[in-house]
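Coordinate analysis (summary)
Below, each chain spelled out in residue letters.
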Protein chains: 4
Amino acid sequence: MEANEKQALVNRLRRAEGQVRGLEQMVETERSAKEILTQLAATREALKKVGLAILEEEMRNFEAAGEKGDQASVEALMGLVRQITKG
Amino acid sequence: MEANEKQALVNRLRRAEGQVRGLEQMVETERSAKEILTQLAATREALKKVGLAILEEEMRNFEAAGEKGDQASVEALMGLVRQITKG
Amino acid sequence: MEANEKQALVNRLRRAEGQVRGLEQMVETERSAKEILTQLAATREALKKVGLAILEEEMRNFEAAGEKGDQASVEALMGLVRQITKG
Amino acid sequence: MEANEKQALVNRLRRAEGQVRGLEQMVETERSAKEILTQLAATREALKKVGLAILEEEMRNFEAAGEKGDQASVEALMGLVRQITKG
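Since we're looking at a predicted model, the values are computed, not measured. (Residues numbered from 1 in each chain as written. Chains lettered and ligands numbered in written order. Predicted model: local features only at pLDDT ≥ 70, side-chain atom pairs only at ≥ 80, totals over all residues. Heavy atoms only, no water.)

**Description of the relation of the copies chain A and chain B**
Put simply, the test is: Here the copies are matched by least squares. The fit uses the C-alpha atoms of residues with pLDDT of at least 70 in both. Note on contacts: a residue pair qualifies if any of its non-hydrogen atoms lie within 4.5 Å across the two residues.
Mapping chain A onto chain B leaves a residual RMSD of 0.0 Å; the transformation is a rotation of 180 degrees accompanied by 0.0 Å of translation along its axis. The relationship between the two copies is best expressed as a two-fold rotation axis. Mapped onto chain B, 100% of the interface residues of chain A are again interface residues, and the two copies thus contact each other with one and the same surface.

**Focus: the interface of chain D and chain C**
Heads up, the rule is: Buried area counts how much accessible surface, traced with a 1.4 Å probe, disappears from two parts once they are put together, with both parts' losses summed. We define a salt bridge as a contact between a side-chain nitrogen of Lys or Arg and a carboxyl oxygen of Asp or Glu at a distance within 4 Å. Polar contact criterion, stated in full: a pair of N or O atoms within 3.5 Å, where within protein one must be able to donate a hydrogen and the other to accept it, and residues adjacent in sequence count only if both atoms are side-chain atoms. Secondary structure elements follow DSSP: runs of H or I no shorter than four residues count as helices, runs of E no shorter than two count as strands, and numbering proceeds from the N terminus. As a working rule, the residues Ala, Val, Leu, Ile, Met, Phe, Trp, Tyr, Cys and Pro are called nonpolar, Asp, Glu, Lys and Arg charged, and the rest polar, with Gly in that last group.
With 36 residues of chain D in contact, the opposing surface of chain C contributes 36 residues. Between chain D and chain C the total buried area reaches about 3,500 Å² when both faces are included, carbon and sulfur atoms providing 69% of it. Of all residues in chain D, the largest losses of buried area upon contact with chain C belong to D:V27, D:L37 and D:R44, amounting jointly to 18% of the total for that side. Across the chain D-chain C interface, the total number found is 8 salt bridges. Here D:E24 ties to C:R14 by a salt bridge, and the two come within 3.7 Å at their closest N and O atoms. Where chain D touches chain C, the interface holds 11 residue pairs in polar contact (both at pLDDT 80 or more). Counting residues per element, the ones that place at least two in the side of chain D that touches chain C are α1 (3-28), α2 (33-64) and α3 (71-85) of chain D. With 16 residues, the top contributor of residues to the side of chain D that touches chain C is α2(D). Looking at side-chain class alone, the side of chain D that touches chain C contains 18 nonpolar, 5 polar and 13 charged residues.

**Here's the deal with the environment of D:A76**
For D:A76, the location among the structural elements is in helix α3. Between the alpha carbons of D:A76 and D:T38 there is a distance of 34 Å; along the sequence they are 38 residues apart.

**A word on the UniProt feature "coiled-coil region" (unreviewed entry) in chain A**
Here is the rule: UniProt positions are given in the numbering used here, feature names are shortened, and annotations may be inferred rather than shown by experiment.
Mapped onto this numbering, the UniProt entry annotates "coiled-coil region" (unreviewed entry) at residues 6-33 of chain A. In residues 6-33 of chain A, the share of helix is 86% and the share of strand is 0%. The end C-alpha atoms are 35 Å apart.

**Section: the packing of helix α1 (residues 3-28) of chain A against helix α1 (residues 3-28) of chain B**
This is how the line gets drawn: Only the stretch in contact is used when a helix axis is fitted, and all axes are lines through C-alpha atoms; the angle between N-to-C directions ranges over 0 to 180 degrees. For this classification, under 35 degrees means roughly parallel, over 145 means roughly antiparallel, 65 to 115 means roughly perpendicular, and everything else is oblique.
Interaxial distance between α1(A) and α1(B) falls to 9 Å at its minimum, and their mutual angle equals 175 degrees. With respect to α1(B), the element α1(A) is oriented roughly antiparallel. Looking at the contact of α1(A) with α1(B), its residues break down into 14 nonpolar, no polar and 12 charged.

And the structure:
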């Protein structure tokens, strides 16, 4: 992974971490269930996008290494896709 | 919300926050995409369970307040359910 | 369940059945993966909405029967919500 | 798409169509919400698996055509993945 791409992923995760800390405060200050669940859905969505970015990065890596296109790489990528559709 | 229930939710969110910090380290130390996406799915699942716990708490609140059962409470609860099925 | 609500659910399911038949034709006539997956997401979304309508109906039933609000009904409803967030 | 792969996808969709018809009967005969939602989750899961099979097929097609690995193919595949994570 290139340094700038790694940093971009870490930055996104730090923002997600901040969103989870925001959720803790919302629970502590007894904000409404509706507000908390809206923020929770946004946090889960942000994490899903990190997963999609990692998958995209992985597709490009296979490509750069010339590995992409063989049977093993298709199965590895499909394993990642299945992981993303969970959770 | 009772104090012990609030604390239980905050504790769960702190564990989820720790999971996100774990993800940051996994990216920084270049763990495999498969490992990262497995941990990411677990984190998203943990957050979804927090959402379900908040919904359950809300159902009990309506009950305790004797509000549950009227048209407005059904619609409010359905709004929360829709929020949980997103994200 | 009232007769008109039952009919509304059956009608929605018939439309979803028609969407699945449409998917069969799209595969047979080799439409693009993008078009097929767009239609498939719409079909899955339509089925999810049927699930939400059944849950809402169930909340109103508990209410009408005066059962809503007790511990057992909260747990039964939460079981349905968990089922909807799967699949 | 090869003829046998196309047939396998159509067969899966026919089974999903049968599952939706089963849901119509379950609603008509007033089976419990729990039973209906369990069958509904299974149907949605079956459709998701059809989507994953189409994506996998598409990855192999890019490969066979030697297109896989360029920027455009990564973006096209990611578009399909996003579609699958919806709905």
